[in-house]
Amino acid sequence: MSHPTGVDHHKPHAAHEVHHEELGFWRKYVFSTDHKVIGIQYAVTGMLFLLFGFVLMMLMRWNLAYPGVPLPIIGTLFGDARMPGGTMLPEFYNELGAMHGTIMVFLGVVPLAVGGFGNFVLPLQIGAPDMAFPKINMMSYWCLFLGGITMLGSFFVPGGAAQSGWTSYTPLSVIAGSGQTWWLVGMIFLITSSLLGALNFLTTTIQLRAKGLTFMRFPFFVWAQFVTSFLLLLAFPPLEAAGVMQLMDRVAGTSFFMPSGLVVSGQVLANAGGGNTVLWQHLFWFLAHPEVYVLILPAMGIVAEIIANNTRKPLWGYRAMVYSIVFLGFVSFIVWAHHMFMTGMGTAMAAFFQTTTMIISIPSIVILTSLMLSLWGGSIRFNTPMLFAVAFLPMFGIGGLTGLPLGLNISDIPLHDTYYVIAHFHYVVAPGTIFALFAGIYYWYPKATGRMMNETLGRIHFWGSLVMMNVVFMPMFIVGLAGVSRRLFDAGSAYDFAQPVMQWNVVSSWGAWLMGIFQIPFIFNFFWSIRNGKTVSANPWEATTIEWAAPSPPPHGNFAVEPQAYRGPYEYSVPGAAKDFTPQHEAT
Amino acid sequence: MTKEINMRAIGSRLWLVAVLAAVLGWPGAAFAAATITGTITFAGKAPALKPLAMDADPACAKMHKAPVPAEMLVLGNGNSMGNVMVWVSKGLPAGKTYPAPKTPVTLDQKGCVYMPHVMGIMVGQAYRILNSDGILHNIHTLPKINPAFNRGQPATVKEMTTNFPKPENMFQVKCDVHPWMNAYIGVFTNPFYAVTGADGKFSIAGLDAGTYEITAWHERLGTQTATVTVGANDTKPQDFKFAVK
């Protein structure tokens, strides 16, 4: 079988065969350069931070449901400076809010979706023995680890962790307590981690793909990670620069973001002045909107793999999906200011950014529609990964469609900073991205461990999470449409206009706590199955992509024989074929 | 037996008298009994001040049936001035320390007004902050030397406590929720300070004989000083008169 031309062929497998050496514990499991170990490190770290960020949110939800009421038992553990007598102080709520957002985005979802799945799956899926730069890969993880430790450590500094929201808007963030300095230092570590990772993914994808694996033979997951890496590489540097600038404003007396004559607590602030506080918003959102796609594209990639596998048919509109995801990557750099309509931008700029925002919805809809149409006529296997993947579609759909009014200037202004916004983007990233991540964990767990996760526990986890996600977030649309601000520590209990919707906060909070309970089967299943799950062969899902050619779990170097790609990624139910899947790596 | 006990009791009293005589006779151990008193008045025509505007928070406005007078200038009969802090700013024995009282200084938030409006506290003394209103307040101190204290006090948190570790002249305490709420506090290393009532009177007692500089401070009308010499058991008057400059 001949290979398509233009593919850079390598012989890394042979190289690995000669340098296999027995590594000690520290180099094998802690300071490892193996992409699979690093992927698992990323994934476990990401999951732990997701759990931690979720706990912060559950605490916040207590004060939103029952403002001013002491939290029994647990509340007294936080001391008088944060929860005197168990009653949450506004400053502590602000800590929880800022750190919930920061941790969920930068320490939870990104490390799991990009660092975890990207590291573990991508090299396997392109038939590579490892990442292109294994030591940089290790460094990338440890930068993340340091960033995480810095963020956690900030809870223990005088005045507590950052309180300026995950967006850290200036000038408040510049005059905030010392926790904000820690936040900035932590972010610099996290951004460095992402940049190193992005470089590695791009190089690996281009240089280490298997023979015959042309770009249009990439599994959609590879495309998703590829575009995501470009977004990280190009969008994060401005925020890294902005973070250093804000740090200088705080500790070195500069005024990059501090205007002259700023009055703080009735007194003119003694600073150099001359800075522009809106500049921070531009630099932040120049990263943070592409960041939304960093959160969602890997999720789309995971869902695409699972839907193709469990419908037993090729993805509908694969090429259109690929063109859409590339287009989406480009356009994601010119929509950022739709987060800033409230800053008083001119009508011409507002018109431009709302137009680009409407345009970017088109490729998203193409991808979502293709995934939905892929279900049509399929012999669907409703296993746990497929349940999560299918649930992703309407949940992400709700998140995406409710974002359209926020992209239009005239409807964004009354909705800005209300709970409507919270509901919208949580539908995108919680029952959206996180469902996809759960799907991916259940799907590739056998590849990583050689064992299946328990199906019954998986279904309990799925149905409980699906119902509770909607119980949590659907009421927030109602609260937001009533005009309640997302920043209020007491959910607006002091305001008359918020009274008619206060009870919905109770519904959301109970939904959140019950959702927490429904994560217990997953946590148990995750650890229990490592030793007790049903053992599997290399390809338990009867899948077509190259990662399933490697043993489960794959050894160092991944493949006993260098794989080659002979066809596209989703050759399911090929007419005349002996079985309903024809792997990419099989010659016939 | 009874006689022996009585003799022993008499003996004890004699010892007591002897110790007291020695203490009183010792030159450096004289009882500090000097007092500086005074009245502070406002010179000129009293300005017409607008009452506090609490409309921004209806919960505050509802707490008052009548307009709440401005706190920046409190005048009594004969233009006597309240809310003036007076303290001994110089002349106290070098190196002498004064323990902070065990009882706290209390700041209450009642009717969306800080009570008292002007207060003094000693270094390390407990500063007790009450929320009698049962609505959200925020206590934000604006010191230059001490660490700032900026904390919300939700409706159900009735009491918080803090203290100030360093001496500092008068600084503002404000509520970030209700911008009209202001108070002023001075942190001292000694107990020789007083705040005038509406009658404008103050009294600083317990001083040793000596020459002292007395400072009077008003939040809008500035600071004045005077030098006063007091002998043991003296009570010396020192009045101040403030005017709009």
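Fair warning: this is a prediction, and the values are worked out from it, not measured in the lab.

1. Looking at the overall build of chain B
Line of reasoning, step 1. A count of helical and extended segments in chain B gives two helices and 17 strands.
Line of reasoning, step 2. Considering chain B as a whole, with its 245 residues, one finds that 31% of them fall into the buried category.
Line of reasoning, step 3. The contacts in chain B between residues at least 6 apart in sequence include a share of 65% that link residues at least 24 apart.

2. Observations regarding the interface of chain B and chain A
How big an interface is tends to be reported as the loss of accessible area on association of its parts.
Line of reasoning, step 1. On the side of chain A, ten residues touch chain B, which itself brings twelve residues to the contact.
Line of reasoning, step 2. Of all the secondary structure elements, the ones that give two or more residues to the side of chain B that touches chain A are β7 (137-142) and β8 (150-153) of chain B.
Line of reasoning, step 3. Among the residues making up the side of chain B that touches chain A, the classes are represented as seven nonpolar, three polar and two charged.

3. Let's talk about the nonpolar core
Line of reasoning, step 1. The biggest cluster of nonpolar side chains holds 177 residues, and the ones touching the most others in it are Val 303, Phe 388, Ala 389, Phe 392, Ala 436 and Ala 439 of chain A.
Line of reasoning, step 2. Dropping the residues within four chain positions of it, Phe 388 of chain A is found in contact with Phe 435, Ala 436, Phe 438, Ala 439, Tyr 442 and Phe 462 of chain A.
Line of reasoning, step 3. Judged by nonpolar contacts, the second largest core, of 53 residues, contains Leu 107, Cys 112, Val 157 and Leu 207 of chain B.

4. Section: helix α12 (residues 384-401) of chain A
Residues and elements named next belong to chain A.
Line of reasoning, step 1. Here α12 is 18 residues long and its end C-alpha atoms lie 26 Å apart, about the 26 Å a rise of 1.5 Å per residue gives.
Line of reasoning, step 2. If you look at α12, its biggest bend is around 25 degrees, right at Phe 392, and the proline Pro 394 turns up within four residues after that.
Line of reasoning, step 3. For α12, a buried count of 14 out of 18 residues is recorded, marking the element as mostly surrounded by other parts of the structure.

5. Concerning the pairing of strand β14 (residues 210-218) of chain B
Residue and element names in this part refer to chain B.
Line of reasoning, step 1. Direction of pairing for strand β2 (residues 85-90) relative to β14: antiparallel, over a ladder of five bridges. The partner of Val 88 across the bridge, within β14, is Ile 214.
Line of reasoning, step 2. Bridge analysis of β14 against strand β15 (residues 222-230) gives nine bridges, and the strand direction is antiparallel. Its bridge partner being in β15, His 218 is matched across the sheet by Gly 222.

6. Considerations on the confidence of the model for chain A
Line of reasoning, step 1. For chain A, per-residue confidence averages 94 on the pLDDT scale, and residues scoring 70 or more make up 96% of the total.
Line of reasoning, step 2. Across residues 1-18 of chain A the pLDDT falls below 50, and counting only partners more than four positions away or on other chains, this stretch makes 24 contacts in the model.

7. Points about the sheet that holds β15 of chain B
Residue and element names in this part refer to chain B.
Line of reasoning, step 1. Pairing within the open sheet is antiparallel, and its four strands lie in the order β12-β2-β14-β15. One side of each edge strand has no neighbouring strand; the edge strands of this open sheet are β12 (193-195) and β15. Each adjacent strand pair in this sheet contributes to an overall mean axis angle of 25 degrees, direction not counted.
Line of reasoning, step 2. Bridge count for β2 against β12 is three bridges, and the pairing is antiparallel. Residue Met 85 lies in a different strand from β12, and its bridge partner there is Val 195.

8. Some remarks on unusual backbone geometry
Line of reasoning, step 1. The linkage connecting Ser 552 of chain A with the following residue, Pro 553 of chain A, adopts the cis geometry, with an omega of -5 degrees.
Line of reasoning, step 2. As for its position among the elements, Pro 553 of chain A is in the segment after α18 (520-532).
Line of reasoning, step 3. Omega for the bond connecting Met 115 of chain B with Pro 116 of chain B falls within 30 degrees of zero, at -5 degrees, which places this linkage in the cis form.
Line of reasoning, step 4. Note on placement: Pro 116 of chain B falls in the loop between β4 (113-115) and β5 (118-122).
Line of reasoning, step 5. A positive phi angle, near 60 degrees, is found at Ile 73 of chain A, a position not held by glycine.
Line of reasoning, step 6. Here Ile 73 of chain A falls in the exposed class, since 8 other C-beta atoms lie within 10 Å of it.
Line of reasoning, step 7. A positive phi is found at Ser 573 of chain A, a non-glycine position, where the angle reads about 50 degrees.
Line of reasoning, step 8. Looking at where Ser 573 of chain A falls in the secondary structure, it is placed in the segment after α18.

9. Regarding the packing of helix α9 (residues 277-311) of chain A against α12 of chain A
All names here are of chain A.
Line of reasoning, step 1. At a minimum axis separation of 9 Å, α9 and α12 run at an interaxial angle of 125 degrees. Classified by the angle between their axes, α9 and α12 sit oblique to one another. α12 is crossed by α9, and the crossing has left-handed handedness. Contacts between α9 and α12 involve Ala 299, Val 303, Ile 306, Ile 307 and Asn 310 on the former and, on the latter, Pro 385, Met 386, Ala 389 and Phe 392.
Line of reasoning, step 2. Taken together, the residues of the contact of α9 with α12 sort by class into eight nonpolar, one polar and no charged.

10. A closer look at the sheet that holds strand β6 (residues 127-131) of chain B
All names here are of chain B.
Line of reasoning, step 1. Ordered by their spatial adjacency, four strands build an open sheet running β4-β3-β6-β9, and the pairing between neighbours is mixed. Because the sheet does not close on itself, it has two edges, and the strands there are β4 and β9 (159-162). Going from strand to strand, the sheet's axes swing by 20 degrees on average, the running direction of each strand aside.
Line of reasoning, step 2. Looking at chain direction, strand β3 (residues 105-110) and β4 are connected through three bridges and run antiparallel. Residue pairing for β4: Asp 108 is matched across the bridge by Met 115.

11. A few points about the packing of helix α16 (residues 455-481) of chain A against α18 of chain A
Residue and element names in this part refer to chain A.
Line of reasoning, step 1. In the contact formed by α16 and α18, the axes pass within 8 Å of each other and the chain directions differ by 150 degrees. Taken together, the axes of α16 and α18 are roughly antiparallel relative to one another. Taken as a pair, α16 and α18 cross one another with a handedness that is left-handed. Taking contact as the criterion, the partners of Leu 457, Gly 458, Ile 460 and His 461 in α16 are, on α18, Pro 521, Phe 522, Phe 524 and Asn 525.
Line of reasoning, step 2. For the contact of α16 with α18, the class distribution of residues is five nonpolar, three polar and no charged.

12. Digging into the environment of Asn 150 of chain B
Residue and element names in this part refer to chain B.
Line of reasoning, step 1. Checked against the element boundaries, Asn 150 lands in strand β8.
Line of reasoning, step 2. Judged by the 16 C-beta atoms lying within 10 Å of it, Asn 150 falls in the partly exposed class.
Line of reasoning, step 3. Along the backbone, Asn 150 and Gly 197 are 47 residues apart, and their C-alpha atoms lie at a distance of 28 Å.

13. Notes on the environment of Ala 198 of chain A
All names here are of chain A.
Line of reasoning, step 1. Considering the arrangement of structural elements, one finds Ala 198 in helix α7 (residues 179-207).
Line of reasoning, step 2. For Ala 198, a count of 24 C-beta atoms within 10 Å translates into the label buried.
Line of reasoning, step 3. Along the primary structure Ala 198 and Leu 89 are separated by 109 residues, whereas in three dimensions their C-alpha atoms are 40 Å apart.
Line of reasoning, step 4. Sequence-distant contacts of Ala 198, defined by excluding residues within four places in its chain, comprise Ser 229, Leu 232 and Leu 233.

14. Notes on helix α8 (residues 220-251) of chain A
The periodicity of an α-helix, 3.6 residues per turn, causes residues three or four positions apart to be oriented the same way.
Residue and element names in this part refer to chain A.
Line of reasoning, step 1. The end-to-end C-alpha distance of α8 is 45 Å, a good match for the 46 Å that 32 residues give at a rise of 1.5 Å each.
Line of reasoning, step 2. Along its length, α8 reaches its greatest deviation from straightness, about 35 degrees, at Phe 236, and the proline Pro 237 lies no more than four positions downstream.
Line of reasoning, step 3. Gly 253 lies just past α8 and shows a positive phi near 75 degrees.

Parameters at a glance
Residues numbered from 1 in each chain as written. Chains lettered and ligands numbered in written order. Predicted model: local features only at pLDDT ≥ 70, side-chain atom pairs only at ≥ 80, totals over all residues. Helix = DSSP H or I, 4+ residues; strand = E, 2+ residues; numbered from the N terminus. Buried ≥ 20, exposed ≤ 12 C-beta atoms within 10 Å, placed from the backbone. Contact = placed C-beta atoms within 7 Å. Nonpolar A, V, L, I, M, F, W, Y, C, P; charged D, E, K, R; others polar. Core = buried A, V, L, I, M, F, W, Y, C linked by C-beta atoms within 7 Å. Expected span 1.5 Å × (residues − 1). Bend = angle between axes of the 7 residues up to and from the residue. Pairing = 2+ DSSP bridges. pLDDT = per-residue confidence, 0-100. Axes fitted to C-alpha atoms, helices over the stretch in contact; angles between N-to-C directions. Parallel < 35°, antiparallel > 145°, perpendicular 65-115°, else oblique. Left-handed = near helix turned anticlockwise from the far one by under 90°.

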